[in-house]
Amino acid sequence: SQQGEEDPQALSIQEGENATMNCSYKTSINNLQWYRQNSGRGLVHLILIRSNEREKHSGRLRVTLDTSKKSSSLLITASRAADTASYFCAPAYSGAGSYQLTFGKGTKLSVIP
Amino acid sequence: EAGVTQSPTHLIKTRGQQATLRCSPISGHTSVYWYQQALGLGLQFLLWYDEGEERNRGNFPPRFSGRQFPNYSSELNVNALELEDSALYLCASRSRTAGETQYFGPGTRLLVL
């Protein structure tokens, strides 16, 4: 399967702590995107990192990409109860399918107030 | 700007029936993607339409089909429904000119009894 694989499958932390989620993928990518899904609803785009970028920030989010290890990580700093959701990485593989995303099963994050 | 809309929000069918799900993309977006999210299976790519044509389909049987209309809205049809078709069906749209991000609708929850 070409889908991204998130790790861990579930993560439970206290409010104010940092949360780190990891993603591994299989072959060369054009970009990698992270999405959030709140309780069985639609996905919300968080951040896109291109294959020639190593780190990207957006507010409390920090994404890193290591193409040599075919892995990415999403760090949420100073977590809030509202961050409770499932987080998905979606690699966009190079070539004709670069506009097609492949999703894994996600990391379910629970932030305890 | 209105987001991606999907209808109906919920759909209950019995085995063997047909289901039709609808999606309206964000204005100006020409690409529409369909995903199935069954319990415990993550998001599975179903279909990708762009400019009225099917660009790619995932590993699903032919009874899953769809089309894209001249106004870029899309329809997903599932024939001969089976119990395991019960899932959340998500539609996403993308702008051909504005990059790789996909914008998701709230989904249609299909229950097959």
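Structure first, text after, so check above.
These remarks concern the structure in this document. (Residues numbered from 1 in each chain as written. Chains lettered and ligands numbered in written order. Predicted model: local features only at pLDDT ≥ 70, side-chain atom pairs only at ≥ 80, totals over all residues. Heavy atoms only, no water.)

### Considerations on the state of the cysteines
Residues and elements named next belong to chain A.
Argument step 1. As enumerated under the stated definition, the model contains two disulfides over all chains in all.
Argument step 2. The residue that forms a disulfide with Cys23 is Cys89, at a sulfur-sulfur distance of 2.0 Å. In this structure, the disulfide formed by Cys23 and Cys89 twists by about 65 degrees around the S-S bond and is classed as right-handed. Here Cys89 lies in strand S9 (residues 85-93) and Cys23 lies in strand S3 (residues 19-24), a separation of 66 residues in the sequence. (Disulfide = S-S within 2.5 Å. Helix = DSSP H or I, 4+ residues; strand = E, 2+ residues; numbered from the N terminus.)

### A word on a nonpolar patch on the surface
Argument step 1. Among the surface-exposed residues, B:Ile12, B:Leu111 and B:Leu113 lie close enough to one another that they form a single nonpolar patch of about 300 Å² accessible area.
Argument step 2. With a relative accessible area of 55%, B:Leu113 lands in the exposed category. (Patch = residues over 30% accessible without salt bridge, like charges linked within 9 Å, V, L, I, M, F, W, Y side chains within 5 Å. Areas by Shrake-Rupley, 256 points an atom, 1.4 Å probe, with all protein chains shown as cover. Salt bridge = Lys/Arg side-chain N within 4 Å of Asp/Glu carboxyl O. Buried < 20%, exposed > 50% of the residue type's maximum accessible area, 1.4 Å probe, protein only.)

### Some remarks on the sheet that holds strand S2 (residues 10-14) of chain A
Residue and element names in this part refer to chain A.
Argument step 1. Read across the open sheet, the five strands follow the order S2-S10-S9-S4-S5; overall the sheet is mixed. Each end of this open sheet is capped by a strand with a single partner; those strands are S2 and strand S5 (43-50). Across the sheet, the axes of successive neighbouring strands diverge by a mean angle of 25 degrees, strand direction being ignored.
Argument step 2. Relative to S9, strand S4 (residues 29-37) runs antiparallel, the two being bridged by eight bridges. Residue pairing in the sheet places Gln37 in a bridge with Ser86 of S9. (Pairing = 2+ DSSP bridges. Axes fitted to C-alpha atoms, helices over the stretch in contact; angles between N-to-C directions.)

### Looking at unusual backbone geometry
Argument step 1. Looking along the chain, the bond that leaves A:Asp7 and enters A:Pro8 is cis, with omega of 0 degrees.
Argument step 2. Within the secondary structure, A:Pro8 is located in the loop between strand S1 (5-7) and S2.
Argument step 3. Positive phi is not limited to glycine here, since B:Glu51 has a value of about 50 degrees.
Argument step 4. Mapping B:Glu51 onto the fold places it in the loop between strand S5 (43-50) and strand S6 (53-57).

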